[in-house]
Amino acid sequence: MFKSHQINQSQETISFIDKVKLVTSSTIEVFDLNGRLDGDDSLLFILTALQNNPRNIVSTLNLQNCQLTNKSAQALIEFVVNNRRIIEVNIQDNAYSANIHTMLHNALDLNRLL
């Protein structure tokens, strides 16, 4: 059984930073941000928070429809390479170029083999 967390937009009283603190202070395996980020800077903040969390066990990131561009691509790929437990990342409906999709796919394939 794995734990999953989806940031709920209806929780208006909890700030975005408080939501990230909640998620990164717990042991979440599936992190679903589908449509809930407002671009690259938000993703960079999330990746930094996850990277600095010693209890991070995230294996799946859903980043579909989060207004992401190639600006955040290198950080996302480095995060996947440096976190071998990441085996699935959904980046559909973002503005990443085809070569970013290929690089991310290769990093995820390597993680699945390890």
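Residues numbered from 1 in each chain as written. Predicted model: local features only at pLDDT ≥ 70, side-chain atom pairs only at ≥ 80, totals over all residues. Heavy atoms only, no water.

Q: Even after reading the chapter, I still don't get the overall build of the protein chain, so can you show me in this structure?
A: Check the secondary structure of the protein chain and you find four helices and four strands. When the helices and strands of the protein chain are placed in sequence order, the string is β-α-β-α-β-α-β-α. Expressed as a percentage of its 114 residues, the buried residues of the protein chain come to 42%. Across the protein chain, the fraction of contacts at a sequence separation of at least 24, relative to all contacts at a separation of at least 6, is 79%. For the protein chain, the exposed area adds up to about 6400 Å²; of that, 51% sits on carbon and sulfur atoms. (Helix = DSSP H or I, 4+ residues; strand = E, 2+ residues; numbered from the N terminus. Buried < 20%, exposed > 50% of the residue type's maximum accessible area, 1.4 Å probe, protein only. Contact = heavy atoms within 4.5 Å. Areas by Shrake-Rupley, 256 points an atom, 1.4 Å probe, with all protein chains shown as cover.)

Q: What am I meant to see in helix H4 (residues 98–113) here?
A: Because an α-helix completes one turn every 3.6 residues, residues spaced three or four positions apart along the sequence face the same direction. Here H4 contains 16 residues, and its C-alpha end-to-end distance of 23 Å stays within 8% of the 22 Å for a straight helix at 1.5 Å per residue. For H4, every residue scored as buried is listed here: Ile100, Leu104, Ala107, Leu108 and Asn111. Burial along H4 is one-sided: seen end-on, the buried residues are contained in an arc of 95°. Within H4, the exposed residues directed more than 90 degrees away from the buried face are Ala98 and Leu113. (Expected span 1.5 Å × (residues − 1). Arc of directions from axis to C-beta.)

Q: Would you take a moment to explain unusual backbone geometry for this structure?
A: Outside of glycine, negative phi angles account for most residues, and trans bonds account for most peptide bonds. Non-glycine residue Gln67 carries a positive phi angle of around 60°. With a phi close to 60°, Asp93 is a non-glycine residue in the positive phi region. Residue placement: Asp93 occurs in the loop between strand S4 (88–90) and H4.

Q: Please clarify how the packing of helix H3 (residues 73–82) against H4 should be interpreted in this entry.
A: Relative placement of two packed helices is described by the angle separating their axes and the distance separating the axes. One way to put it is that H3 packs onto H4 with a least axis distance of 9 Å and a crossing angle of 10°. It follows that H3 is roughly parallel to H4 by the angle criterion. Judged by residue contacts, Ala73, Gln74, Leu76, Ile77, Val80 and Val81 of H3 engage Ile100, Met103, Leu104, Ala107, Leu108 and Asn111 from H4. Class assignment for the residues of the contact of H3 with H4 results in ten nonpolar, two polar and no charged. (Axes fitted to C-alpha atoms, helices over the stretch in contact; angles between N-to-C directions. Parallel < 35°, antiparallel > 145°, perpendicular 65-115°, else oblique. Nonpolar A, V, L, I, M, F, W, Y, C, P; charged D, E, K, R; others polar.)

Q: Even after reading the chapter, I still don't get the pattern of salt bridges, so can you show me in this structure?
A: According to the stated counting rule, one finds two salt bridges in the structure shown. Taking the shortest distance from any N to any O, the salt bridge between Lys71 and Asp41 comes out at 3.0 Å. Residue Lys71 is found in the loop between strand S3 (60–62) and H3, and its partner Asp41 is found in helix H2 (residues 40–51); the two are separated by 30 residues along the sequence. The pair Lys71 / Asp41 is uniform in exposure class, with both members exposed. A salt bridge links Asp109 to Arg112; the nearest nitrogen and oxygen atoms lie 3.0 Å apart. Here Arg112 and Asp109 lie together in helix H4, a separation of three residues that amounts to about one turn. (Salt bridge = Lys/Arg side-chain N within 4 Å of Asp/Glu carboxyl O.)

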